[in-house]
Amino acid sequence: MTKLYLLAKKIHRFLVLIITAITVIMAWTGVMIKYSWTPFGASLAKARYIHNQLSVIFTLTLLLMAVTGIAMYLLPYLIKRRGPNG
């Protein structure tokens, strides 16, 4: 069970990096869409497309992050309860 905890921790850390990068991109495109702001010759249609496509990946990553976070929360309790022999 300790190996499962360590695996969940590794996956969770990796997902934190992914979710952070996606958050920055979605924030940028969201501001572009909200305020009709097009820096560097970008188009609002492309910003909306990127924002909409990333939202699905963002949701799935966040879901996986929640699952690994719950595992990291519960596994120490289960390991402790199981005892040294289990």
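For the structure itself, consult the block above.
Quick caveat: nothing in here was measured; it's all calculated off a predicted structure.

Draft legend 1. The arrangement of the packing of aromatic side chains in detail. Inspection of every chain in the model, using the stated rule, returns one aromatic pair. Over the ring of Tyr-35 we find Lys-34; its NZ or CZ atom is 5.6 Å from the centre of that ring.

Draft legend 2. Structural context of the environment of Pro-39. Relative to the helices and strands, Pro-39 resides in the loop between helix H1 (2-35) and helix H2 (44-82). For Pro-39, a relative accessible area of 11% translates into the label buried.

Draft legend 3. Representation of H2 in the model. Spanning 39 residues, H2 covers 56 Å between terminal C-alpha atoms, matching the ideal 57 Å at 1.5 Å per step. The principal kink in H2, of about 30°, is found at Leu-74, preceding the proline Pro-76 by one to four residues. Looking only at H2, the buried set comprises Ala-47, Leu-54, Thr-61, Met-65, Thr-68 and Leu-75. Buried residues in H2 make contact with H1. The first or second residue beyond H2 is Gly-83, which carries a positive phi of 90°.

Draft legend 4. Just a nonpolar patch on the surface, in detail. Taken together, the side chains of Met-1, Leu-4, Leu-7, Ile-11, Ile-70, Tyr-73, Leu-74, Tyr-77 and Leu-78 make up a nonpolar region of the molecular surface, amounting to roughly 920 Å² of accessible area. Mapped onto the elements, Met-1 comes out in the segment before H1.

Draft legend 5. Summary view of the side chain of His-12. Here His-12 shows up in helix H1. Accessibility expressed as a relative area gives 17% for His-12, which makes it buried. Polar contacts involving the side chain of His-12 include one to the side chain of Thr-68, which spans 2.8 Å. If we ignore the near neighbours within four places in the chain, the residues touching His-12 are Met-65, Thr-68, Gly-69 and Met-72.

The rules behind these values
Residues numbered from 1 in each chain as written. Predicted model: local features only at pLDDT ≥ 70, side-chain atom pairs only at ≥ 80, totals over all residues. Heavy atoms only, no water. Phe/Tyr/Trp six-rings, centres within 6.5 Å; stacked < 30°, edge-to-face > 60°. Lys NZ or Arg CZ within 6 Å of the ring centre and 35° of its normal. Helix = DSSP H or I, 4+ residues; strand = E, 2+ residues; numbered from the N terminus. Buried < 20%, exposed > 50% of the residue type's maximum accessible area, 1.4 Å probe, protein only. Expected span 1.5 Å × (residues − 1). Bend = angle between axes of the 7 residues up to and from the residue. Contact = heavy atoms within 4.5 Å. Patch = residues over 30% accessible without salt bridge, like charges linked within 9 Å, V, L, I, M, F, W, Y side chains within 5 Å. Areas by Shrake-Rupley, 256 points an atom, 1.4 Å probe, with all protein chains shown as cover. Salt bridge = Lys/Arg side-chain N within 4 Å of Asp/Glu carboxyl O. Polar contact = N/O pair within 3.5 Å; in protein donor to acceptor, adjacent residues only side chain to side chain.

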